Each structure stands twice: as C-alpha cells, then as structure tokens.
Amino acid sequence: MNCKPILFAAVALAAIPASAEKIHISTSEASMVLDAEAGRPLHFVYFGAPLGTADVEALDNSGSRYLKAYPVYGLEAARETAMSVTHPDGNMTLDPVVRSVETSKDADGATVITVRMTDRVYPFGINVNYRTYPDAGVIETWVDAVNNGKKDVELREFASGYLPVRSGDVYLTSFYGSWANEARMEEEPLTHGMKIIKNKDGLRNTHTAHPEVMFSLDGRPRENEGRVIGAALEYPGNYRLRIDTDDSDYHHFFAGINEDNSAYTLAKGETFTTPALALAYSQEGKGGVSRQFHNWARRHRLAHGTETRKILLNSWEGVYFDINEQGMHAMIDDIASMGGELFVMDDGWFGVKYPRNNDSSSLGDWTVDTRKLPKGIGNLVDKARSAGIDFGIWIEPEMTNSVSELYEAHPEYIIKPSNREPVQGRGGTQLVLDLANPKVQELVFEVVDTLLTKYPGIDYIKWDSNAPVMNHGSQYLPANRQSHLQHEYWRGFSKVMDRIRAKYPDVTIQACASGGGRANYGILPWFDEFWVSDNTDALQRVFMQWGTSHFFPAVAMGSHISATPNHQTFRTIPMKFRIDVAMSGRLGMEIQPKNMTDEEKAMCRGAIAQYKEIRPVVQQGDLYRLLSPYDGKGLASLMYVTPGKEQAVFYWWKIETFADQHLPRVPMAGLDPDALYTVTELNRVDNTPLPFEGKTFTGRYLMDNGLEIPYTNNVDYHKRTDYSSRVLRLDRK
Ligand code: GLA
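Residues numbered from 1 in each chain as written. Predicted model: local features only at pLDDT ≥ 70, side-chain atom pairs only at ≥ 80, totals over all residues. Heavy atoms only, no water.

**Some remarks on the overall build of the protein chain**
The number of helices and strands found in the protein chain is 12 helices and 36 strands. For 733 residues, the compact-globule estimate of 2.2 N^0.38 gives 27 Å, and the protein chain sits close to it at 27 Å. Taken along the three principal axes of its C-alpha coordinates, the protein chain extends 80 × 70 × 40 Å. For the protein chain, buried positions account for 64% of its 733 residues. Considering only intrachain contacts with a sequence separation of at least 6, the fraction spanning at least 24 residues in the protein chain is 68%. When the accessible surface of the protein chain is totalled, it reaches about 26200 Å², and 50% of it is carbon and sulfur. (Helix = DSSP H or I, 4+ residues; strand = E, 2+ residues; numbered from the N terminus. Rg over C-alpha atoms; globule rule 2.2 N^0.38 Å. Buried < 20%, exposed > 50% of the residue type's maximum accessible area, 1.4 Å probe, protein only. Contact = heavy atoms within 4.5 Å. Areas by Shrake-Rupley, 256 points an atom, 1.4 Å probe, with all protein chains shown as cover.)

**Some words on the site of the ligand**
Close contacts around the ligand come from 13 residues, with Asp346, Asp347, Lys462, Gly515 and Asp534 the closest. Within the side chain of Asp346, a nitrogen or oxygen atom sits 2.7 Å from an oxygen atom of the ligand. Here Asp347 contributes a side-chain N or O atom positioned 2.6 Å from an oxygen atom of the ligand. The protein chains hide 97% of the 310 Å² of surface that the ligand would expose on its own. Its residues placed into classes, the shell around the ligand shows four nonpolar, three polar and six charged. (Near = heavy atom within 4 Å. Polar contact = N/O pair within 3.5 Å; in protein donor to acceptor, adjacent residues only side chain to side chain. Nonpolar A, V, L, I, M, F, W, Y, C, P; charged D, E, K, R; others polar.)

**With respect to the sheet that holds strand 28 (residues 529-531)**
Spatial strand order, 21-22-23-26-27-28-29-30: eight strands in a closed barrel with parallel pairing. The mean angle between the axes of side-by-side strands here comes to 30 degrees, regardless of whether they run parallel or antiparallel. As defined by bridge partners, strand 28 adjoins strand 29 (residues 557-562) across two bridges and the pair is classed as parallel. Bridge pairing links Phe530 to Met557 in strand 29. Here helix 4 (residues 325-337) sits on the sheet in contact with strand 21 (312-314), strand 22 (342-345) and strand 30 (586-590), set at roughly 155 degrees to strand 22. In this fold helix 5 (residues 376-386) packs onto strand 22, strand 23 (390-395) and strand 26 (458-463), with an angle of close to 145 degrees to the strand it touches most, strand 23. (Pairing = 2+ DSSP bridges. Axes fitted to C-alpha atoms, helices over the stretch in contact; angles between N-to-C directions.)

**Regarding the pairing of strand 11 (residues 171-178)**
Consecutive residues of a regular strand have side chains that alternate between opposite faces of the sheet. Strand 11 sits mainly inside the fold: six of its eight residues count as buried. Counting the residues in the hairpin turn of strand 11 and strand 12 (residues 181-189) gives two residues, including Ala180, whose phi is positive at 70 degrees. Bridge count for strand 11 against strand 14 (residues 212-216) is three bridges, and the pairing is antiparallel. Across the sheet, the residue bridging to Thr173 is Met214, located in strand 14.

**Let's talk about the packing of aromatic side chains**
Tallied over the entire structure, the rule returns 31 aromatic pairs. Here the aromatic rings of Phe47 and Tyr281 are separated by 6.1 Å at their centres, their planes lie at 75 degrees, and the arrangement is edge-to-face. With Phe47 in strand 4 (residues 43-48) and Tyr281 in strand 20 (residues 277-282), this pair connects stretches of sequence that are 234 residues apart. Classification of Tyr281 by relative accessible area gives buried; the value is 4%. Taken together, Phe175, Phe293, Trp296, Tyr521, Phe530, Phe551 and Phe552 form an aromatic cluster joined through their ring pairs. In this arrangement the basic side chain of Arg499 is found over the ring face of Phe445, its NZ or CZ atom lying 3.8 Å from the centre. Above the plane of the ring of Trp531 lies Arg541, whose end atom (NZ or CZ) is 4.6 Å from the centre. (Phe/Tyr/Trp six-rings, centres within 6.5 Å; stacked < 30°, edge-to-face > 60°. Lys NZ or Arg CZ within 6 Å of the ring centre and 35° of its normal.)

Here it is, written out as structure tokens:
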C-alpha cells in the first residue's frame, strides 16, 4: 500500500487513544508525517525524503509542535492562515480538532487519506485529504469545508494546502510572463516578508504568473542535485500562492483559490471542496521534481498522457482569418506531403449573418460560412482522409461577440454586472459567456456535440479562450451570490468538460488561451496538450519552453515551426534552428507551406520523419535540463532519455553569437554510465559529418565530459548564419 497511516485508519474518535497518533503518507520519492492525535488540532511533522518506520516512530514534534498542518484563523497569535470563516452568529474564529482518519482507494488506483476535523464548538467541519499513487511520486492535498449547521457560513479564506518549508538557504523558482512571453523563469532567495503569486482573471491563469513553484532547499537552484520541493495548484481560475517568511524557522507556503472578490457563502449542509495542491520532493534537484511531475501528469493528470501525439499543421499563422476551401485543401496536401498526420483549421471558418473575417464578430455562431467553404466541413474532413491525415478544428465556445447572432438572441448569457453596459474585449466586441448558467453549459456542450456528431471524422479540437473575465457579475446568479461568479464558472466548465469527455473520450483537445494562458493542471485532465505561446519565435521559445518544462511534459507542449521573419518578433531564424527547437516539444507547423522553398519543405519532411522515430523518447522520456538559457552562457541544452535508458535525444541551441566566442562543453545526464551509446546527428545540414558521428561512447564518458560540439554549422559560405543548433540521437548498443 502506498499510504501508511501507521497507527490507525478509518477509526472513529472514540477508538483513538489519547496519545499522539502519526500518519505516514509515503511515495517512492517522499514521506509526509502528520500528528493526528484525536481531539487535538492536526499537526505537521515532516515532509521530505522517504522515511522508514523507525524514523517515523522516533520523530517527535520538537521544533514543529506549533506547526498546524492546516492553520486556521482566530485563536492564535496572528500568522497567515489557510482558512477563515464567519459563523452565523458573527464569530470569526475556528478551532478544528481531529475526529477520525479514513483511508480509501479512488477509481484511479490512488490511495486517499482523509483527516476529518470538526470545530470544538461550531457545527463546522474541515477534512484535509492526501492522495498518493502507486506509480508516481506526487502527493496531492485538498480540503473540504463542511457546514453542518442550520445557517449559512461565510468562507473568507479557503486555501487548498499549506506547507511549512524549513528556512536556511532556500531559493524560490517561479514563472512569470505576459502574452507572447509566457513562463519566464525567475529564481530568488526567500527573504523575510511575504511573496505573493496571484491571478485574478479567473479564465486564463498562466499568461502572467504560474501557480507552480519550486523551493530549492540547499541554496541556488541546481538541475540535478540538491533537495527541492515542487508545488502546483491544480486550478485554472483565480489563484493566490503566498510564501510568508516570518520570525519563525519556516517559510509558510499557502496555495489556493484567490479569495479576493470571491468570498463563498456555504449554505447549510453544503460542502465546499478546494482544488488540489500537488507536491513533490526530490533530492535530484529541480530536474528530479520536473521528472516526477511529468511522470504523474502523463499517467494521471493529462488526457491520453501516455500516448504519443500527431504531427500537425495549424492554419493560423499561414492564413489567419483568410479561410477558403482551395487554401485549406492546399494546406492539407502540403502537410500530408511532408509526412504530417493532422491538419487543423484555425479561426475564421464560421458565421452566417456575421462572417468571421476578423476578431470583431461571430463567436457563438458556430455555423460554417459557406461563402468560404461551399462544401462545408465534411468536405475538409473527407479531403484530409483522402490525403491520409486527420482533421482538426478551432473553436472558442466559452465566448461571444456583441456582433453575433448568439448575442442578439441571448444577451442574458454573458458575464456582466447588473445595471451596466459590459466592457468589451478582443476586437472591441468580445464577451465571456456565463458558464454559471446551466443554459450556457448546455450551449457550450452543444457546440462540441454538434460538430463531433455531424463530423465524426474530426480528430482534434483547438479550444481557445481569448478574453479575461472582466465585467464582474453573473446575470444568472442571485444578488447574494455574485461573489460566487468565478467558482460557479469553473463548476459549470467542469460539468461541460465531463460531459464532453464522457461522450468523446478519444478526441484530442488542445487548451489554448491567447497562447499560453491555460497551461495548468486544473484543466489538463480534459485536455491533451496546451499551446505554449502565441509567440512562435524559436529563440524566445527556448526560454518559454524551458520555464514551462519545469512542471509540464513535452507531450503537452505544442511547439510549431513557423515562418521567418517571425510574425511576433520579426526575427529571422534559419529553418534548421526553427526545426531543432520545435522538435523538443510536441512538434507541429504554423506556417504557409506554399511560401516555403523546396529546400525548406525537404528539410521539414526530413525532420518530420526523424521526429517520428524519436517521438516516444521526447514525449514519454525523462527530461534532463543540462544548461539553462537563463545562465548567460550563450547556450541552452537539454535531453530526453527513455525510462530504460535505451535511447536519448540531446538538444543544443546556441542562443547568442559573438566572434571568438567560447562556449562551455555540456555534460549529459540520465544515461546508464556503463552502457555504450552510438551518436547520430539528426536534421544534419553540415557538409561533413560531425567527428563523433556514428561513434560509440560510454554513458559515463558522455555524462562526465559531453561531446565537443562545433560552434557553427559547416555549410557553404552563402548559407552561413548567426544561428547554430544540434540534435543528437543516442542509441544504446
Ligand atoms: C488566439 C490563439 C491563436 C489563434 C487565434 C485565433 O490568439 O492563441 O493561436 O488561434 O486566437 O483567433
């Protein structure tokens, strides 16, 4: 069994002796120990490297006796808390004590330990839950707030989880950005005071800050050494992560829904369940935490996470809104001829009364525009099939425009406060539909259901979301529940997605939100992948994908070859480098093939063929980040290794160029030291093979030394550029 409540499980209060009772929550990678003595508050004892029974039994609470596992507001010296409420009589305090501990198995084969607490005086319960998996190191924790009374209780704070991190030389790694510059990594020592990472949008929660952090406990963060804790809040809405470094020996870490303007009225008999906070611990540095998250994600938290993804062409940067039948047919033929497996028609295909020619109209009117596509979508599905590939389509079903037939018929469907005109978003007209409203839930389900019923050949949906929640107000919720808007939005969304997945378990769905706004574990169980960024510039992608890779596996990261000059940065990057970066994620293309030269097409055809061979390694392998683009060494490098260490793929990207430059040699990682590996360069453009081409080295040599990689590609003079990159395949002999 994976979780070991060492002294009791599923026992009622009466059965518990009045001595300290420890719960040991364990995975192959970590142990968490709690003190759940009946009739007393739940205490935190330990989170770190796996412990044996002797240590668990020997552990006392000295030094941490005052650390509650889930601190609440009201009775103790003022500190940050995880939960605060107002009882019906105005009392603002909580005093929960342990009543029982229960262990159960869930449908996913995971073990759930539930510590049930109730307030000493008020009819209010708090269940703290911990889930572990037999095949993953991650521990998830979440809380149920239970109103057993006869009147409403106001929830003012409701964090998913709390973790005390022992102070010392602790560094925080976090991810920040903005549209077209998502997931920039930031690393800083934790000092006194409070660090808050938050999102208030509610809809697209990873454009700016990410709700995932790592704590490096042994000084500056390192990739493959040092003790590191990773934490990811599994919630796609408004969130708040707090790290309070006070006068104690701990950094107090809290994560949960952002309570600002979202206080929750808990009705009598109602239970409010928070989203989960996923925690991992590794002694193999940040890379160890990343590998644990990737493994857990693929097995348990990402739709079809253990399956490989198709190589696609998406029409957006190729044609933008200029959709027409001839153009779509040409793109289908082009991607098929390069060896691709899927064509995705992006925005611009719909709208009857209001054709979708730009972003200022038509969302909600999901009827094909037969002026653009006279033979409809069925014709494109058939065309793709006859070209030997699959067909996918873009939708943005949570949205409408004020210029649309949907809005004309149902102005009451949008999110908007009473007595006010809504502020409008993208295109000057975009509005968010109110998923709190069951009729809107039905409508959104029907958008997908109609498409997939009418065209069962649709294999892939790009589900976009291009507006933030503005206009705080629900036209559906009653006046005294307006602060529930964001909660009810996500409940409504979850219901719709559950229905879609129940009926269409096999369709591939991408989460896009103006690029990387929905890279989040709260949404991934229904989605196969996300679009990392609307910025497809390969050089900037090295940085964004580096940050994203800290918590998300390559199989989830849409990474496309696009045009040059790039449409976002206007940077000119050679095809070789664009390919070599895109091939480190879920490879696709975002380009107009008819504008490519024959040579470029041939390069892409070759790259696609080679990617098919390494796809299982990239998408399912273990990631080792080797040299960070943030280290200012002019290089970035990473590799993927199969779990059995039979095969690896090594990426090397030169990210700045100076004459007489001196770049470091990059030692590899993750290989079997005693095995022999043969090196083959992929996407080769050099006139002559690299000196080590086809040679065989021990894993030990490669990990101790790395290979000496030439700084430039050895190509004809007129083909030289300021870029250089390499992809090497390593095969165990
Ligand atoms: C968003 C997406 C893009 C594209 C456009 C279409 O910006 O991120 O990839 O789909 O919408 O309007």
